[in-house]
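Secondary and tertiary structure notes
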Amino acid sequence: MNAPFIYLFKTYRGQYIYDVNTNRILSIPRTLWDELNKKEKSPSFEYSEYAKKQILELQQQGYLSSNRWKNIRHPASDIMPFQLDNALCSIVLQVTQICNLNCSYCPFAQGNYYSRKHTGKQMSKETAAYAIDFLVQHATNSNLLAVGFYGGEPLVNFETVKYTVEYISKKYPYKEFSFFMTTNATLLDEEKIAFLNEHKFNLTISLDGPKEVHDKNRQSFSQESSFEKVMGAIDTINEKYPDFRDRVSFNCVIDPAASFDCFHSFFSSYENVKEFYCRFSNITRANAKDFELEVSNDYISKYNFEVFKCILANIGKISKKTVSPIVKEYLDEVLQVMFDKRFVGNLGETGHPSGPCVPGEGKLFINVDGNIYPCEKVNEMSENMKIGNIFEGFDIKKCSTIINIAHLTEDECKNCWACRLCYLCCLFCEEDAKLLPSVRLKNCKQVRENLNNYFMIYACLIEHNFDRNLDWFDFTERK
């Protein structure tokens with residue numbers, strides 16, 4: 001009997017199989033789980049008659065197949081050229097490579113990453129206009145188009161931002177556009193706020209917690225407090241542009257060396273901050289050089305405890321108001337993977353791990369020179385990541401390489417139980433501008449650990465009759 005392509009895990013209440021071929025999770029008796037586990041650890045182990053009967057019944061239902069992919073190829077490979085020609089929907093313009101801050105964790109600032117360093121380059125108005133034309137010309141099948149502004153710090157080149165918005169309104173009044181921007185907000189004065197509000201921007205402001213934490217990591221070259229400037233901009237929005245508030249959110253990059261409580265108390269109770277939605281993210285290790293990232297035991301233990309509380313809230317054991325908003329993003333990701341991304345269906349003979357985005361399906365990043373990249377997170381200095389430019393079009397060969405990135409580790413991916421839920425894209429496969437199998441494999445262990453945790457949380461929720469339709473994070477109750 002060939003070994004089934006499965007992953008075994010268990011919770012306090014039950015024993016489970018993740019069946020790779022069907023992408024389903026099955027609850028099974030303890031005796032069967034124990035025998036499958038013994039067989040996995042020792043291939044010479046002989047199943048009992050009871051286990052053989054149970055396995056046969058599951059196989060007759062389509063489970064416990066030993067099938068693996070025979071070929072690694074992304075299912076969007078054939079449709080991608082059409083997508084790039086006709087169905088673009090969003091671009092992010094790097095209007096400047098200048099930044100007025102020198103953040104400790106920024107991939108572009110202090111030399112800890114391979115991505116690039118800040119330069120004095122700015123996107124010209126002509127390039128911005130050409131980028132908009134490029135978007136529209138490749139979006140005949142898209143009704144709503146989105147344009148984002150990125151840096152450096154995009155407000156350094158606010159004139160090009162304004163010009164781009166005005167260019168769109170004059171040349172493409174028949175197209176529906178939306179706008180978004182990520183900013184450190186230190187240059188966000190009332191004039192800029194009024195413009196962003198008038199044109200209904202969705203604005204993400206970088207805010208890393210209370211003053212002592214924010215200023216430690218988000219350093220200004222002049223040694224002034226960037227926190228005070230950010231809070232001044234937020235106060236102006238609150239006082240003079242209250243209708244803008246619903247389109248403003250924060251992004252907090254967590255410093256794991258700090259206390260968990262300082263983040264929780266700040267975003268839960270700090271006046272003029274607690275009313276806004278905040279996304280929480282960790283300092284990225286993608287494209288990082290060898291540098292030490294200090295992590296406090298206090299942060300880890302309290303974060304994990306809040307995740308535990310979050311699970312309790314989801315099964316109705318405690319009030320959702322007692323759970324820190326910091327873990328919301330994590331639980332959202334768990335639920336998205338387990339309910340939305342885990343498409344049930346047979347594995348088939350040809351496939352690809354689910355990590356890579358299809359270039360153009362979501363958004364594209366266009367740098368100051370008009371070069372095109374899959375997104376703003378990849379290494380801008382790498383020729384591997386440059387998939388074309390707005391003047392000459394797309395390099396389909398490079399686009400194909402990026403979405404079929406698992407060719408780097410084809411044999412390993414074919415035999416990995418996490419293949420259908422893997423999130424590794426080209427971002428996690430590159431070091432010093434080189435796409436390397438060793439870099440991708442180095443990240444595999446973390447993927448499997450994360451998915452194991454997702455499975456256990458999912459199973460625990462289902463065991464307690466979790467209702468996906470209930471919103472356990474209604475932030476209006478925090479006010």
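Reading the values: rules and limits
Residues numbered from 1 in each chain as written. Predicted model: local features only at pLDDT ≥ 70, side-chain atom pairs only at ≥ 80, totals over all residues. Heavy atoms only, no water. 1 Å grid on protein atoms, 1.4 Å probe; cavity = no way out; pocket = protein on both sides within 12 Å on 5 of 7 lines; lining within 4 Å. Points joined across faces, edges and corners; volume = space filled by probe spheres on them. Nonpolar A, V, L, I, M, F, W, Y, C, P; charged D, E, K, R; others polar. pLDDT = per-residue confidence, 0-100. Contact = heavy atoms within 4.5 Å. Pairing = 2+ DSSP bridges. Helix = DSSP H or I, 4+ residues; strand = E, 2+ residues; numbered from the N terminus. Axes fitted to C-alpha atoms, helices over the stretch in contact; angles between N-to-C directions. Buried < 20%, exposed > 50% of the residue type's maximum accessible area, 1.4 Å probe, protein only.

So, about the layout of surface pockets. Estimated volume of the second largest pocket: approximately 240 Å³. Residue lining of the second largest pocket: 14 residues in total, with Ala3, Pro4, Ile6, Lys39 and Glu40 positioned closest to the centre. The class makeup of the residues in the lining of the second largest pocket is 9 nonpolar, 2 polar and 3 charged.

Let us now look at the confidence of the model for the protein. For the protein, the mean per-residue pLDDT works out to 90, and 93% of the residues sit at or above 70. Of the regions scoring below 50 in pLDDT, residues 471-479 engages in 25 contacts with residues more than four places distant in sequence or in other chains.

The subject of this paragraph is the sheet that holds strand E2 (residues 15-19). Reading across from one edge, E1-E2-E3 is the order of the 3 strands in this open sheet, with antiparallel pairing throughout. In this open sheet, the two edge strands, each paired with only one partner strand, are strand E1 (6-10) and strand E3 (24-28). If you compare each strand with its neighbour and ignore which way they point, the axes differ by 25° on average. Where E2 meets E3, 5 bridges bridge the pair, whose relative direction is antiparallel. Bridge pairing links Tyr18 to Ile25 in E3. Along the sheet, helix H14 (residues 437-463) makes contact with E1, E2 and E3, crossing E1 at roughly 60°.

For strand E5 (residues 90-94), a buried count of 5 out of 5 residues is recorded, marking the element as mostly surrounded by other parts of the structure. Side-chain alternation along E5 places Ser90, Val92 and Gln94 on one buried face and Ile91 and Leu93 on a second face that is also buried. Where E5 and strand E6 (residues 144-150) come together, 5 bridges link them in parallel fashion. Looking at E6, one finds that Ser90 is bridged to Ala146. Bridge count between E5 and strand E12 (residues 364-366): 3 bridges; the pairing is parallel. When the sheet's bridge partners are listed, Leu93 is paired in E12 with Ile366.

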